[in-house]
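Reading the structure
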Amino acid sequence: MKKILFAASEGNPFIKTGGLADVVGALPKYIDKSLYEISIIMPLYRCIPQKFREQMKKVTHFYENMPREQEYIGIYKMEESGITYYFIDNEYYFAGDAPYHHICEDVNKFAFFSRAVLAALPQLKFCPDVIHCHDWQTGLLPMLLKVFYGENKFYQNIKTVFTIHNQKFQGRWQIDDIENCRDIPAKYRYGAMEAYGESNFLKAGILYADQVTTVSETYAREIQTPEGGEGLDGVMREVSGKLCGIINGIDEKEYDAQTDKNIPYPFGTKNIAEKKKDKKALQKEMGLKQDAKACVIAIVSRLTQQKGFELVVSVMEELLQTEHVQVVVLGTGEERFQHDFSWFAQKYPSQMCANIGYSEDKAHRIYAGADMFLMPSQFEPCGLSQLISMRYGTVPIVRETGGLKDTVEPYNEIWQTGTGFGFRNYDAGEMLFIIRYALKIYQEQPKAWKAMMKRCMKHDSSWQTVTKKYEAIYEKITS
Ligand code: ADP
Ligand code: GLC
(Lines give C-alpha, C1' and ligand atoms only; values in the text may rest on other atoms or scores of the structure.)
(Ligands and ions follow the chains in the order given, each with its own letter.)
Protein backbone atom coordinates (compact mmCIF):
# COMPACT_ATOMS: atom_id res chain seq x y z
CA MET A 1 0.00 0.00 0.00
CA LYS A 2 1.54 3.31 -1.03
CA LYS A 3 1.25 6.33 1.23
CA ILE A 4 0.35 9.69 -0.23
CA LEU A 5 0.52 12.87 1.84
CA PHE A 6 -1.22 15.98 0.55
CA ALA A 7 0.35 19.23 1.79
CA ALA A 8 -1.72 22.36 1.28
CA SER A 9 -2.53 25.75 2.75
CA GLU A 10 -6.30 25.22 2.64
CA GLY A 11 -8.80 22.40 2.32
CA ASN A 12 -12.50 21.77 2.76
CA PRO A 13 -14.26 21.56 5.15
CA PHE A 14 -11.70 23.16 7.47
CA ILE A 15 -10.66 26.30 5.66
CA LYS A 16 -11.48 27.71 2.24
CA THR A 17 -10.78 30.84 0.24
CA GLY A 18 -11.29 29.39 -3.25
CA GLY A 19 -11.25 26.38 -5.52
CA LEU A 20 -7.97 25.05 -4.08
CA ALA A 21 -9.82 24.06 -0.91
CA ASP A 22 -12.52 22.27 -2.93
CA VAL A 23 -9.88 20.22 -4.74
CA VAL A 24 -7.81 19.40 -1.65
CA GLY A 25 -11.00 18.48 0.19
CA ALA A 26 -12.42 16.24 -2.52
CA LEU A 27 -9.62 14.64 -4.55
CA PRO A 28 -8.23 12.47 -1.69
CA LYS A 29 -11.68 11.02 -1.04
CA TYR A 30 -11.83 9.50 -4.49
CA ILE A 31 -8.33 7.98 -4.65
CA ASP A 32 -8.48 4.17 -4.56
CA LYS A 33 -8.16 3.23 -0.88
CA SER A 34 -7.29 -0.36 -1.71
CA LEU A 35 -4.05 0.88 -3.27
CA TYR A 36 -3.26 4.08 -1.40
CA GLU A 37 -3.29 5.34 2.14
CA ILE A 38 -4.14 9.03 2.06
CA SER A 39 -3.29 11.76 4.56
CA ILE A 40 -3.54 15.51 4.37
CA ILE A 41 -1.44 18.02 6.27
CA MET A 42 -2.32 21.70 6.63
CA PRO A 43 -1.78 24.57 9.07
CA LEU A 44 -3.87 24.69 12.22
CA TYR A 45 -5.18 28.21 11.68
CA ARG A 46 -6.98 29.67 14.64
CA CYS A 47 -9.77 30.61 12.23
CA ILE A 48 -10.61 26.94 11.58
CA PRO A 49 -14.07 26.58 13.16
CA GLN A 50 -14.22 25.33 16.73
CA LYS A 51 -16.42 22.36 15.79
CA PHE A 52 -13.47 20.88 13.87
CA ARG A 53 -10.85 21.86 16.43
CA GLU A 54 -12.83 19.93 19.05
CA GLN A 55 -12.48 16.75 17.03
CA MET A 56 -8.70 17.00 16.72
CA LYS A 57 -6.36 15.15 19.04
CA LYS A 58 -2.88 16.31 19.87
CA VAL A 59 -0.31 13.77 18.72
CA THR A 60 2.92 15.38 19.84
CA HIS A 61 4.96 18.54 19.84
CA PHE A 62 8.65 19.22 19.41
CA TYR A 63 11.07 22.06 18.79
CA GLU A 64 12.99 22.55 15.59
CA ASN A 65 15.97 24.81 14.93
CA MET A 66 14.93 27.53 12.54
CA PRO A 67 16.53 30.88 11.75
CA ARG A 68 14.22 32.94 14.01
CA GLU A 69 14.49 30.69 17.04
CA GLN A 70 13.86 27.13 18.13
CA GLU A 71 10.33 26.90 16.82
CA TYR A 72 7.47 25.07 18.47
CA ILE A 73 5.75 22.57 16.16
CA GLY A 74 2.58 20.96 17.49
CA ILE A 75 0.87 18.17 15.54
CA TYR A 76 -2.83 17.48 15.76
CA LYS A 77 -4.74 14.74 14.03
CA MET A 78 -8.21 13.61 13.12
CA GLU A 79 -9.63 10.84 10.96
CA GLU A 80 -12.61 11.08 8.68
CA SER A 81 -13.90 8.83 5.91
CA GLY A 82 -10.68 6.81 5.79
CA ILE A 83 -8.46 9.87 5.52
CA THR A 84 -6.02 11.07 8.20
CA TYR A 85 -5.79 14.83 8.60
CA TYR A 86 -2.73 16.32 10.29
CA PHE A 87 -2.53 19.92 11.41
CA ILE A 88 0.62 21.88 12.17
CA ASP A 89 0.22 24.13 15.16
CA ASN A 90 2.19 27.28 15.89
CA GLU A 91 0.41 30.32 17.28
CA TYR A 92 3.03 32.76 16.02
CA TYR A 93 2.29 31.90 12.39
CA PHE A 94 -1.28 30.67 12.30
CA ALA A 95 -3.22 32.76 14.82
CA GLY A 96 -4.70 35.22 12.31
CA ASP A 97 -8.36 35.81 11.43
CA ALA A 98 -7.70 34.54 7.91
CA PRO A 99 -5.19 32.11 6.42
CA TYR A 100 -3.44 34.72 4.30
CA HIS A 101 -2.25 38.31 4.79
CA HIS A 102 -2.51 38.06 8.55
CA ILE A 103 -0.11 38.10 11.50
CA CYS A 104 3.15 37.75 9.56
CA GLU A 105 4.39 37.76 5.97
CA ASP A 106 2.90 34.86 4.02
CA VAL A 107 6.31 33.85 2.65
CA ASN A 108 7.63 33.39 6.20
CA LYS A 109 4.48 31.61 7.30
CA PHE A 110 4.60 29.07 4.50
CA ALA A 111 8.38 28.62 4.57
CA PHE A 112 7.77 27.63 8.18
CA PHE A 113 4.92 25.33 7.16
CA SER A 114 6.98 23.50 4.51
CA ARG A 115 9.84 23.02 6.95
CA ALA A 116 7.50 21.91 9.72
CA VAL A 117 5.84 19.29 7.49
CA LEU A 118 9.19 17.69 6.68
CA ALA A 119 10.41 17.88 10.27
CA ALA A 120 7.16 16.32 11.53
CA LEU A 121 7.44 13.10 9.52
CA PRO A 122 9.99 11.24 11.68
CA GLN A 123 8.16 12.43 14.80
CA LEU A 124 5.03 10.79 13.41
CA LYS A 125 7.05 7.75 12.30
CA PHE A 126 5.35 8.29 8.99
CA CYS A 127 7.32 8.07 5.78
CA PRO A 128 5.10 8.79 2.77
CA ASP A 129 5.98 7.50 -0.70
CA VAL A 130 4.72 10.74 -2.24
CA ILE A 131 4.15 14.24 -0.91
CA HIS A 132 1.63 15.95 -3.15
CA CYS A 133 2.16 19.71 -2.78
CA HIS A 134 -0.29 22.39 -3.87
CA ASP A 135 0.45 25.93 -5.03
CA TRP A 136 3.26 28.29 -4.04
CA GLN A 137 2.60 27.94 -0.31
CA THR A 138 4.17 24.47 -0.47
CA GLY A 139 6.60 25.26 -3.29
CA LEU A 140 9.67 25.19 -1.07
CA LEU A 141 8.94 21.70 0.19
CA PRO A 142 10.29 19.68 -2.76
CA MET A 143 13.48 21.74 -2.69
CA LEU A 144 13.95 21.58 1.09
CA LEU A 145 13.60 17.83 0.90
CA LYS A 146 16.80 17.82 -1.13
CA VAL A 147 18.61 20.70 0.59
CA PHE A 148 18.11 19.74 4.23
CA TYR A 149 17.38 16.04 4.04
CA GLY A 150 19.11 14.82 0.87
CA GLU A 151 21.59 12.72 2.86
CA ASN A 152 19.09 11.47 5.42
CA LYS A 153 17.99 7.87 4.89
CA PHE A 154 14.49 8.43 6.29
CA TYR A 155 13.65 10.86 3.50
CA GLN A 156 15.57 9.30 0.65
CA ASN A 157 12.73 7.59 -1.19
CA ILE A 158 10.10 10.30 -0.81
CA LYS A 159 8.93 11.65 -4.18
CA THR A 160 7.03 14.87 -4.77
CA VAL A 161 4.21 16.03 -7.02
CA PHE A 162 3.61 19.76 -7.31
CA THR A 163 0.21 20.94 -8.55
CA ILE A 164 -0.16 24.50 -9.78
CA HIS A 165 -3.69 25.79 -9.23
CA ASN A 166 -2.80 29.34 -10.15
CA GLN A 167 0.46 30.41 -11.77
CA LYS A 168 -0.20 34.06 -10.96
CA PHE A 169 0.47 33.58 -7.26
CA GLN A 170 4.13 32.71 -6.85
CA GLY A 171 5.18 33.62 -3.32
CA ARG A 172 7.57 36.39 -4.31
CA TRP A 173 9.61 38.44 -1.86
CA GLN A 174 12.99 40.12 -1.42
CA ILE A 175 15.50 37.30 -1.21
CA ASP A 176 17.29 38.38 1.95
CA ASP A 177 14.15 39.41 3.81
CA ILE A 178 12.62 35.98 4.33
CA GLU A 179 13.66 35.05 7.81
CA ASN A 180 12.77 31.38 7.51
CA CYS A 181 14.90 31.00 4.38
CA ARG A 182 18.07 32.61 5.72
CA ASP A 183 19.79 29.31 6.45
CA ILE A 184 19.12 27.91 2.99
CA PRO A 185 22.47 27.92 1.17
CA ALA A 186 22.91 30.92 -1.15
CA LYS A 187 23.34 28.53 -4.07
CA TYR A 188 19.62 27.76 -3.81
CA ARG A 189 18.36 31.13 -2.64
CA TYR A 190 19.99 32.79 -5.63
CA GLY A 191 19.53 29.75 -7.86
CA ALA A 192 16.39 27.62 -8.04
CA MET A 193 14.49 29.93 -5.71
CA GLU A 194 15.26 33.12 -7.60
CA ALA A 195 13.34 34.80 -10.43
CA TYR A 196 13.81 38.37 -11.62
CA GLY A 197 15.95 39.23 -8.60
CA GLU A 198 13.32 38.06 -6.12
CA SER A 199 12.66 34.91 -4.19
CA ASN A 200 10.01 32.78 -5.89
CA PHE A 201 8.57 29.76 -4.06
CA LEU A 202 6.56 28.57 -7.06
CA LYS A 203 9.68 28.31 -9.17
CA ALA A 204 11.49 26.22 -6.54
CA GLY A 205 8.56 23.78 -6.49
CA ILE A 206 8.45 23.55 -10.26
CA LEU A 207 12.15 22.82 -10.55
CA TYR A 208 12.46 20.34 -7.70
CA ALA A 209 9.25 18.31 -7.84
CA ASP A 210 9.44 14.93 -9.54
CA GLN A 211 6.22 15.69 -11.39
CA VAL A 212 4.45 18.99 -12.01
CA THR A 213 0.77 19.13 -12.80
CA THR A 214 -1.72 21.87 -13.35
CA VAL A 215 -5.49 21.79 -13.45
CA SER A 216 -6.32 21.65 -17.17
CA GLU A 217 -4.59 20.68 -20.39
CA THR A 218 -5.10 24.09 -21.97
CA TYR A 219 -3.65 25.88 -18.93
CA ALA A 220 -0.65 23.51 -19.06
CA ARG A 221 -0.03 24.82 -22.57
CA GLU A 222 -0.82 28.46 -21.74
CA ILE A 223 1.70 28.67 -18.89
CA GLN A 224 4.43 27.72 -21.33
CA THR A 225 3.76 30.87 -23.37
CA PRO A 226 4.88 34.46 -22.65
CA GLU A 227 1.19 35.54 -22.53
CA GLY A 228 0.16 33.00 -19.89
CA GLY A 229 3.39 32.17 -18.11
CA GLU A 230 3.30 35.04 -15.59
CA GLY A 231 7.05 35.45 -16.16
CA LEU A 232 7.81 31.77 -15.64
CA ASP A 233 7.05 30.51 -19.16
CA GLY A 234 10.75 29.77 -19.78
CA VAL A 235 10.88 27.63 -16.64
CA MET A 236 7.69 25.86 -17.68
CA ARG A 237 9.10 25.05 -21.10
CA GLU A 238 12.24 23.76 -19.46
CA VAL A 239 10.23 21.30 -17.35
CA SER A 240 7.65 20.45 -20.02
CA GLY A 241 8.76 16.82 -19.92
CA LYS A 242 7.45 16.44 -16.37
CA LEU A 243 4.44 18.77 -16.74
CA CYS A 244 0.88 17.71 -17.49
CA GLY A 245 -2.63 19.10 -17.16
CA ILE A 246 -5.37 17.20 -15.31
CA ILE A 247 -8.80 18.78 -15.17
CA ASN A 248 -10.50 19.02 -11.77
CA GLY A 249 -13.68 17.26 -10.86
CA ILE A 250 -16.41 18.47 -8.51
CA ASP A 251 -18.21 16.76 -5.69
CA GLU A 252 -21.18 15.52 -7.69
CA LYS A 253 -23.05 14.52 -4.54
CA GLU A 254 -22.82 17.99 -3.06
CA TYR A 255 -23.98 19.57 -6.29
CA ASP A 256 -26.91 17.39 -7.24
CA ALA A 257 -30.11 19.20 -8.22
CA GLN A 258 -32.17 16.13 -7.29
CA THR A 259 -31.02 15.89 -3.68
CA ASP A 260 -29.78 19.40 -2.86
CA LYS A 261 -31.30 20.46 0.46
CA ASN A 262 -30.54 24.13 -0.21
CA ILE A 263 -32.88 24.47 -3.14
CA PRO A 264 -36.66 24.67 -2.79
CA TYR A 265 -37.60 22.53 -5.79
CA PRO A 266 -35.28 19.62 -6.56
CA PHE A 267 -35.17 18.51 -10.19
CA GLY A 268 -33.42 16.15 -12.59
CA THR A 269 -33.21 15.74 -16.36
CA LYS A 270 -36.60 14.02 -16.37
CA ASN A 271 -38.49 16.78 -14.56
CA ILE A 272 -36.35 19.70 -15.63
CA ALA A 273 -39.46 21.93 -15.79
CA GLU A 274 -39.27 22.12 -11.98
CA LYS A 275 -36.24 24.36 -12.41
CA LYS A 276 -38.65 27.15 -13.39
CA LYS A 277 -40.01 27.08 -9.84
CA ASP A 278 -36.47 27.49 -8.47
CA LYS A 279 -36.07 30.44 -10.79
CA LYS A 280 -39.27 32.04 -9.54
CA ALA A 281 -38.18 31.50 -5.95
CA LEU A 282 -34.78 33.01 -6.75
CA GLN A 283 -36.36 36.07 -8.33
CA LYS A 284 -38.42 36.51 -5.19
CA GLU A 285 -35.45 36.05 -2.85
CA MET A 286 -33.38 38.53 -4.86
CA GLY A 287 -36.19 41.09 -5.06
CA LEU A 288 -36.35 40.89 -8.85
CA LYS A 289 -39.45 41.22 -11.00
CA GLN A 290 -41.32 37.89 -11.16
CA ASP A 291 -41.01 37.76 -14.89
CA ALA A 292 -41.27 34.23 -16.29
CA LYS A 293 -39.90 35.39 -19.62
CA ALA A 294 -36.78 36.91 -18.12
CA CYS A 295 -33.46 35.20 -18.60
CA VAL A 296 -31.53 35.17 -15.32
CA ILE A 297 -27.77 35.47 -15.81
CA ALA A 298 -25.75 34.52 -12.73
CA ILE A 299 -22.29 35.33 -11.45
CA VAL A 300 -20.95 33.47 -8.39
CA SER A 301 -17.31 34.27 -7.93
CA ARG A 302 -14.46 35.94 -6.18
CA LEU A 303 -14.72 39.46 -7.58
CA THR A 304 -11.17 39.84 -8.86
CA GLN A 305 -9.37 40.95 -11.98
CA GLN A 306 -8.71 37.30 -12.94
CA LYS A 307 -12.42 36.67 -13.35
CA GLY A 308 -12.90 39.27 -16.10
CA PHE A 309 -15.49 41.47 -14.43
CA GLU A 310 -14.18 44.66 -16.00
CA LEU A 311 -15.72 43.32 -19.21
CA VAL A 312 -19.05 42.72 -17.50
CA VAL A 313 -19.12 46.13 -15.85
CA SER A 314 -18.40 47.87 -19.13
CA VAL A 315 -21.45 46.34 -20.87
CA MET A 316 -23.76 46.13 -17.87
CA GLU A 317 -25.75 49.21 -18.85
CA GLU A 318 -26.43 47.81 -22.32
CA LEU A 319 -27.24 44.40 -20.93
CA LEU A 320 -29.73 45.73 -18.40
CA GLN A 321 -31.38 47.88 -21.07
CA THR A 322 -32.25 44.65 -22.87
CA GLU A 323 -35.77 43.43 -22.32
CA HIS A 324 -36.24 40.35 -20.13
CA VAL A 325 -32.68 40.19 -18.88
CA GLN A 326 -31.89 39.87 -15.18
CA VAL A 327 -28.51 39.60 -13.47
CA VAL A 328 -27.72 38.07 -10.08
CA VAL A 329 -24.27 38.46 -8.54
CA LEU A 330 -22.86 36.72 -5.47
CA GLY A 331 -19.32 37.27 -4.33
CA THR A 332 -16.73 39.36 -2.58
CA GLY A 333 -13.43 40.77 -3.66
CA GLU A 334 -12.05 43.96 -5.09
CA GLU A 335 -13.75 47.12 -3.92
CA ARG A 336 -14.23 48.48 -7.47
CA PHE A 337 -16.29 45.45 -8.58
CA GLN A 338 -18.30 45.36 -5.36
CA HIS A 339 -19.05 49.03 -5.87
CA ASP A 340 -19.91 48.81 -9.57
CA PHE A 341 -22.19 45.81 -9.22
CA SER A 342 -23.97 47.41 -6.24
CA TRP A 343 -24.40 50.62 -8.20
CA PHE A 344 -26.13 48.84 -11.09
CA ALA A 345 -28.29 46.91 -8.62
CA GLN A 346 -29.63 50.11 -7.10
CA LYS A 347 -30.16 51.67 -10.53
CA TYR A 348 -32.04 48.62 -11.87
CA PRO A 349 -33.55 47.01 -8.74
CA SER A 350 -36.13 44.90 -10.56
CA GLN A 351 -33.50 43.48 -12.88
CA MET A 352 -30.32 43.17 -10.95
CA CYS A 353 -29.29 42.03 -7.50
CA ALA A 354 -25.75 42.24 -6.10
CA ASN A 355 -25.10 40.06 -3.06
CA ILE A 356 -21.77 41.27 -1.74
CA GLY A 357 -20.62 38.51 0.55
CA TYR A 358 -20.61 34.79 0.31
CA SER A 359 -23.04 32.15 1.41
CA GLU A 360 -22.81 28.55 0.29
CA ASP A 361 -26.57 27.88 0.42
CA LYS A 362 -27.38 31.05 -1.48
CA ALA A 363 -24.78 30.01 -4.07
CA HIS A 364 -26.65 26.72 -4.53
CA ARG A 365 -29.98 28.51 -5.00
CA ILE A 366 -28.42 30.78 -7.60
CA TYR A 367 -26.78 27.90 -9.47
CA ALA A 368 -30.17 26.14 -9.48
CA GLY A 369 -32.45 29.07 -10.28
CA ALA A 370 -30.49 30.86 -12.99
CA ASP A 371 -30.67 30.23 -16.74
CA MET A 372 -27.12 31.20 -17.66
CA PHE A 373 -23.83 31.42 -15.79
CA LEU A 374 -21.34 34.08 -16.85
CA MET A 375 -17.60 33.47 -16.38
CA PRO A 376 -15.55 35.69 -18.70
CA SER A 377 -12.19 35.03 -17.00
CA GLN A 378 -9.04 36.71 -18.17
CA PHE A 379 -7.34 33.42 -17.35
CA GLU A 380 -8.72 30.34 -15.61
CA PRO A 381 -6.51 27.41 -14.64
CA CYS A 382 -9.54 25.16 -14.31
CA GLY A 383 -12.62 26.83 -12.85
CA LEU A 384 -15.14 24.91 -10.81
CA SER A 385 -18.13 27.25 -10.95
CA GLN A 386 -18.89 26.53 -14.61
CA LEU A 387 -18.89 22.80 -13.77
CA ILE A 388 -21.20 23.39 -10.82
CA SER A 389 -23.60 25.51 -12.89
CA MET A 390 -23.78 22.77 -15.53
CA ARG A 391 -24.86 20.26 -12.88
CA TYR A 392 -27.93 22.46 -12.35
CA GLY A 393 -28.69 22.83 -16.05
CA THR A 394 -27.52 26.45 -15.95
CA VAL A 395 -25.81 27.08 -19.27
CA PRO A 396 -22.33 28.62 -18.98
CA ILE A 397 -21.07 31.53 -21.07
CA VAL A 398 -17.30 31.61 -20.78
CA ARG A 399 -14.16 33.03 -22.27
CA GLU A 400 -12.31 30.23 -24.00
CA THR A 401 -9.29 30.09 -21.75
CA GLY A 402 -7.68 27.37 -19.59
CA GLY A 403 -10.12 24.95 -18.03
CA LEU A 404 -13.13 26.90 -19.32
CA LYS A 405 -12.10 25.98 -22.85
CA ASP A 406 -11.61 22.34 -21.86
CA THR A 407 -14.95 21.89 -20.10
CA VAL A 408 -17.51 23.99 -22.00
CA GLU A 409 -18.23 22.76 -25.49
CA PRO A 410 -19.58 25.63 -27.64
CA TYR A 411 -23.15 25.28 -28.86
CA ASN A 412 -23.42 24.14 -32.47
CA GLU A 413 -26.73 25.09 -34.02
CA ILE A 414 -26.40 22.68 -36.93
CA TRP A 415 -25.37 19.57 -35.06
CA GLN A 416 -27.31 20.49 -31.94
CA THR A 417 -24.33 19.78 -29.75
CA GLY A 418 -22.54 21.71 -27.03
CA THR A 419 -22.96 22.69 -23.41
CA GLY A 420 -22.55 26.44 -23.50
CA PHE A 421 -21.17 29.49 -25.24
CA GLY A 422 -17.63 30.76 -25.56
CA PHE A 423 -15.81 33.81 -26.86
CA ARG A 424 -12.12 33.94 -27.63
CA ASN A 425 -10.65 37.41 -27.12
CA TYR A 426 -10.64 39.32 -23.87
CA ASP A 427 -12.98 41.91 -25.30
CA ALA A 428 -16.25 43.29 -23.89
CA GLY A 429 -17.83 43.65 -27.36
CA GLU A 430 -17.12 40.04 -28.19
CA MET A 431 -18.56 38.95 -24.88
CA LEU A 432 -21.73 41.01 -25.36
CA PHE A 433 -22.13 39.58 -28.85
CA ILE A 434 -22.05 36.02 -27.54
CA ILE A 435 -24.41 36.83 -24.65
CA ARG A 436 -26.88 38.26 -27.17
CA TYR A 437 -26.52 35.14 -29.29
CA ALA A 438 -27.20 32.95 -26.24
CA LEU A 439 -30.24 35.09 -25.36
CA LYS A 440 -31.57 34.65 -28.89
CA ILE A 441 -31.33 30.84 -28.64
CA TYR A 442 -32.87 30.96 -25.17
CA GLN A 443 -35.82 33.06 -26.31
CA GLU A 444 -36.42 31.74 -29.80
CA GLN A 445 -35.49 28.06 -29.58
CA PRO A 446 -36.77 26.76 -26.25
CA LYS A 447 -36.53 23.12 -27.34
CA ALA A 448 -32.89 23.45 -28.35
CA TRP A 449 -32.22 25.27 -25.09
CA LYS A 450 -33.86 22.56 -23.01
CA ALA A 451 -31.80 19.89 -24.80
CA MET A 452 -28.66 21.89 -24.03
CA MET A 453 -29.62 22.13 -20.35
CA LYS A 454 -29.88 18.37 -20.26
CA ARG A 455 -26.52 17.92 -21.94
CA CYS A 456 -25.04 20.21 -19.30
CA MET A 457 -26.56 18.13 -16.52
CA LYS A 458 -25.14 14.96 -18.02
CA HIS A 459 -21.62 16.38 -18.43
CA ASP A 460 -19.17 14.15 -16.54
CA SER A 461 -17.41 16.22 -13.89
CA SER A 462 -16.84 13.33 -11.53
CA TRP A 463 -13.62 12.84 -9.61
CA GLN A 464 -13.59 9.11 -10.39
CA THR A 465 -12.24 9.66 -13.89
CA VAL A 466 -9.76 12.29 -12.74
CA THR A 467 -8.18 10.38 -9.86
CA LYS A 468 -7.06 7.59 -12.20
CA LYS A 469 -4.71 10.12 -13.80
CA TYR A 470 -3.19 11.14 -10.46
CA GLU A 471 -2.84 7.48 -9.48
CA ALA A 472 -0.92 6.85 -12.72
CA ILE A 473 1.47 9.67 -11.76
CA TYR A 474 2.01 8.28 -8.26
CA GLU A 475 2.84 4.91 -9.82
CA LYS A 476 5.16 6.40 -12.40
CA ILE A 477 7.30 8.35 -9.95
CA THR A 478 7.49 5.65 -7.27
CA SER A 479 8.28 2.67 -9.47
P1 ADP B 1 -11.26 30.29 -7.82
O2 ADP B 1 -10.68 29.21 -6.99
O3 ADP B 1 -10.28 30.89 -8.78
O4 ADP B 1 -12.00 31.32 -7.04
P5 ADP B 1 -13.00 28.21 -8.91
O6 ADP B 1 -14.07 28.31 -9.94
O7 ADP B 1 -11.97 27.17 -9.07
O8 ADP B 1 -12.37 29.65 -8.80
O9 ADP B 1 -13.64 27.90 -7.50
C10 ADP B 1 -14.56 28.72 -6.94
C11 ADP B 1 -15.05 28.10 -5.64
O12 ADP B 1 -15.16 29.13 -4.65
C13 ADP B 1 -16.41 27.50 -5.78
O14 ADP B 1 -16.58 26.50 -4.80
C15 ADP B 1 -17.31 28.71 -5.47
O16 ADP B 1 -18.60 28.34 -5.08
C17 ADP B 1 -16.54 29.38 -4.36
N18 ADP B 1 -16.67 30.83 -4.27
C19 ADP B 1 -17.06 31.67 -5.22
N20 ADP B 1 -17.08 32.94 -4.77
C21 ADP B 1 -16.64 32.91 -3.52
C22 ADP B 1 -16.42 33.90 -2.50
N23 ADP B 1 -16.65 35.19 -2.73
N24 ADP B 1 -15.96 33.48 -1.31
C25 ADP B 1 -15.72 32.18 -1.08
N26 ADP B 1 -15.91 31.20 -1.99
C27 ADP B 1 -16.36 31.55 -3.18
C1 GLC C 1 -7.45 28.20 -8.57
C2 GLC C 1 -7.85 28.60 -9.98
C3 GLC C 1 -9.10 27.91 -10.46
C4 GLC C 1 -9.07 26.43 -10.12
C5 GLC C 1 -8.80 26.24 -8.64
C6 GLC C 1 -8.75 24.77 -8.24
O7 GLC C 1 -8.15 28.92 -7.62
O8 GLC C 1 -8.01 30.00 -10.09
O9 GLC C 1 -9.25 28.07 -11.85
O10 GLC C 1 -10.31 25.83 -10.46
O11 GLC C 1 -7.58 26.81 -8.31
O12 GLC C 1 -7.77 24.06 -8.95
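Residues numbered from 1 in each chain as written. Chains lettered and ligands numbered in written order. Predicted model: local features only at pLDDT ≥ 70, side-chain atom pairs only at ≥ 80, totals over all residues. Heavy atoms only, no water.

Looking at the packing of aromatic side chains
Inspection of every chain in the model, using the stated rule, returns 26 aromatic pairs. Taken together, a centroid distance of 5.7 Å and an interplanar angle of 80 degrees make the contact between Tyr 45 and Phe 94 edge-to-face. Here Tyr 45, found in the loop between β2 (36-43) and α2 (50-53), pairs with Phe 94, found in helix α3 (residues 91-94); they are 49 residues apart in sequence, far enough to count as distant. Phe 94 shares its class with Tyr 45; the two are buried. (Phe/Tyr/Trp six-rings, centres within 6.5 Å; stacked < 30°, edge-to-face > 60°. Helix = DSSP H or I, 4+ residues; strand = E, 2+ residues; numbered from the N terminus. Buried < 20%, exposed > 50% of the residue type's maximum accessible area, 1.4 Å probe, protein only.)

Section: the side chain of Gln 306
Here Gln 306 shows up in the loop between β13 (295-300) and α11 (309-320). Since its relative accessible area comes to 7%, Gln 306 is described here as buried. Setting aside residues up to four positions removed in sequence, Gln 306 forms contacts with Asn 166, Ser 377, Gln 378, Phe 379, Glu 380 and Pro 381. (Contact = heavy atoms within 4.5 Å.)

Details of helix α7 (residues 201-208)
The α-helix winds at 3.6 residues per turn, so residues separated by three or four positions along the chain end up facing the same way. Burial runs high along α7: 6 of the 8 residues are buried. By the burial criterion, the buried members of α7 are Phe 201, Leu 202, Lys 203, Ala 204, Gly 205 and Ile 206. At the N-terminal boundary of α7, the capping side chain belongs to Asn 200, with an oxygen 3.2 Å from the backbone nitrogen of Leu 202. (Polar contact = N/O pair within 3.5 Å; in protein donor to acceptor, adjacent residues only side chain to side chain.)

Concerning the packing of helix α5 (residues 140-149) against α7
Put simply, α5 and α7 touch, their axes get as near as 6 Å, and they point 60 degrees apart. Viewed along their axes, α5 and α7 adopt a mutual orientation that is oblique. The crossing of α5 and α7 is left-handed. Side by side, α5 and α7 meet where Leu 140, Pro 142, Met 143 and Lys 146 of the first sit next to Phe 201, Ala 204, Gly 205 and Tyr 208 of the second. Grouping the amino acids of the contact of α5 with α7 by side-chain chemistry returns 6 nonpolar, 1 polar and 1 charged. (Axes fitted to C-alpha atoms, helices over the stretch in contact; angles between N-to-C directions. Parallel < 35°, antiparallel > 145°, perpendicular 65-115°, else oblique. Left-handed = near helix turned anticlockwise from the far one by under 90°. Nonpolar A, V, L, I, M, F, W, Y, C, P; charged D, E, K, R; others polar.)

Quick word on the site of ligand 1
Looking at ligand 1, there are 17 residues lining it, with Gly 19, Asp 22, Arg 302, Lys 307 and Tyr 358 nearest. Lys 16 is positioned with one of its side-chain polar atoms (N or O) 2.9 Å from an oxygen atom of ligand 1. Note that an oxygen atom of ligand 1 is positioned 2.5 Å from one of the side-chain N or O atoms of Arg 302. Relative to its unbound accessible surface of 560 Å², ligand 1 loses 90% to contact with the protein. Of the residues in the shell around ligand 1, the class split is 4 nonpolar, 8 polar and 5 charged. In terms of domain composition, the shell around ligand 1 takes at least three residues from each of domain 1 (2-249 + 464-478) and domain 2 (272-460). (Near = heavy atom within 4 Å. Areas by Shrake-Rupley, 256 points an atom, 1.4 Å probe, with all protein chains shown as cover. Domains from an automatic or database assignment.)

Remarks on the sheet that holds β13
A sheet is described by the order of its strands in space; here 6 strands give the open sequence β15-β14-β13-β16-β17-β18, paired in parallel fashion. Both edges of this open sheet fall to β15 (352-356) and β18 (421-423), since each of them pairs with a single strand only. The average undirected angle you get between the axes of adjacent strands in this sheet is 15 degrees. Where helix α17 (residues 446-458) meets the sheet, it contacts β16 (372-375), β17 (395-399) and β18, and its direction lies at approximately 80 degrees from that of β17. (Pairing = 2+ DSSP bridges.)

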